[in-house]
Amino acid sequence: MNDRTIKKVNDEVSSYKQGIISSLACNLWWGLMPIYWQWLRPIDSWVIIYYRIVLVAVVCIIAAFIVYDRKTIFEPLKNKKTVLRYILAGILITANWSIYIWAVNADMVIQTCIGYYIEPLAICLFGIILFKDKMSRYKIIAFVLAAMGVAAVIIYFREIPLVALSLASTFSVYAAVKKNFTMPPVLSLLYETIFLLPIGLAIVIYVEITGTGALSAVWGTESYKYGLLMFCGLFTAFPLVLFANATNKLNLFAVGLLGYISPTISLIIGIFLFKEPFEPIQLIAFAIIWTGLIFFSYGEFRESKEESEEVGEKFQS
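The following paragraphs examine the structure supplied in this document. Computed from a predicted structure; not experimentally measured.

Each value, and the rule that gives it
- Residues numbered from 1 in each chain as written.
- Predicted model: local features only at pLDDT ≥ 70, side-chain atom pairs only at ≥ 80, totals over all residues.
- Heavy atoms only, no water.
- Axes fitted to C-alpha atoms, helices over the stretch in contact; angles between N-to-C directions.
- Helix = DSSP H or I, 4+ residues; strand = E, 2+ residues; numbered from the N terminus.
- Parallel < 35°, antiparallel > 145°, perpendicular 65-115°, else oblique.
- Left-handed = near helix turned anticlockwise from the far one by under 90°.
- Contact = heavy atoms within 4.5 Å.
- Nonpolar A, V, L, I, M, F, W, Y, C, P; charged D, E, K, R; others polar.
- Buried < 20%, exposed > 50% of the residue type's maximum accessible area, 1.4 Å probe, protein only.
- Patch = residues over 30% accessible without salt bridge, like charges linked within 9 Å, V, L, I, M, F, W, Y side chains within 5 Å.
- Areas by Shrake-Rupley, 256 points an atom, 1.4 Å probe, with all protein chains shown as cover.
- Salt bridge = Lys/Arg side-chain N within 4 Å of Asp/Glu carboxyl O.

Next up on the list: the packing of helix α5 (residues 109–131) against helix α14 (residues 261–273). One can describe the packing of α5 onto α14 by two numbers: an axis separation of 8 Å at closest approach and a directional angle of 165°. As the angle between them shows, α5 and α14 are arranged roughly antiparallel. α14 is crossed by α5, and the crossing has left-handed handedness. For the pair formed by α5 and α14, the contact residues are V109, I110, C113, Y116 and Y117 on the first element and P263, T264, S266, L267, G270 and I271 on the second. Per-class residue counts for the contact of α5 with α14 are 8 nonpolar, 3 polar and no charged.

What follows is the structure in structure tokens.
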């Protein structure tokens, strides 16, 4: 083995390690975020959501102008179709964030976990319907089991888990809208939030002037929570950068599998820290969904392995 080959292998190993660390870090971050959102009480959930819209945009604007030149930033905005897709993507991801923050502060962390467990299956379903992706028997089994898990909850509680299904569906449609968009994460998040910035800023100014905003909610002994709120933009953008780094250095199977860490951490927090009621039927539903995810993950592993072998055979020939 020559020096060039050794260097290439070492670079690949280093890149893989960086990807694993980035993926673990962002999923740990996301898993612990319910603690941060509940820590901001008694600030109203909707006020937090409007501040988040504004502060994410501000963070992305600052980061974009530090990293990129003006031409790189504004060039994509000359294409009207691109602008429309980013506006739609921004509305969808904002809806996803809003549902999540509201649900966490409404003591529904466990239901958000159901949504994020279903999410990869929902994305896969959109891929099959919209982009004619392959439908393997493992995916079929996973979909059936996930549907059974949700059905068990519906039958027992006699109500549809709207939070879980809304989180899964909004992010799935968001992923479909973003498909084939090869844009750096900072710029992508900038375009998704910049169009909502004027609306969010106007609402923030209005609620603060009328005394129904964050300042009036925490003024006095809990004023430090307003300072914590100012970090919500950074706390949103930073894990997304880590996630983007992970997707660049790992295959999608590894990214998807490690993605189950965050809802698992949040589930544990919801049960043991927030003391949310956890019925036996919910445990059964999670067990069914987890079984489906095992089939799904095994199927993705098989497909990833077969694709790697095909690439290897072509390279050798």
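The subject of this paragraph is helix α8 (residues 185–194). Of all 10 residues making up α8, 8 are buried, and the element is well covered by its neighbours. When α8 is considered as a whole, its buried residues turn out to be V186, L187, S188, L189, L190, Y191, E192 and T193. Next to the buried residues of α8 lie α2 (45–67), α3 (70–74), α4 (80–105), α7 (162–178), α9 (197–209) and α12 (232–249).

Moving on, we get to the environment of F74. Among the secondary structure elements, F74 is positioned in helix α3. A sequence separation of 113 residues divides F74 from L187, and the C-alpha atoms of the two residues are 9.8 Å apart.

Okay, a nonpolar patch on the surface next. Together, F65, F74, L77, L84, I87, I91 and F195 line one region of the surface with nonpolar side chains, adding up to about 590 Å² of accessible area. With 3 residues, α4 is the single largest residue contributor to the nonpolar patch. Along the chain, the position of I87 falls in helix α4. Of the residues examined, I87 reaches a relative accessible area of 30% and is grouped as partly exposed.

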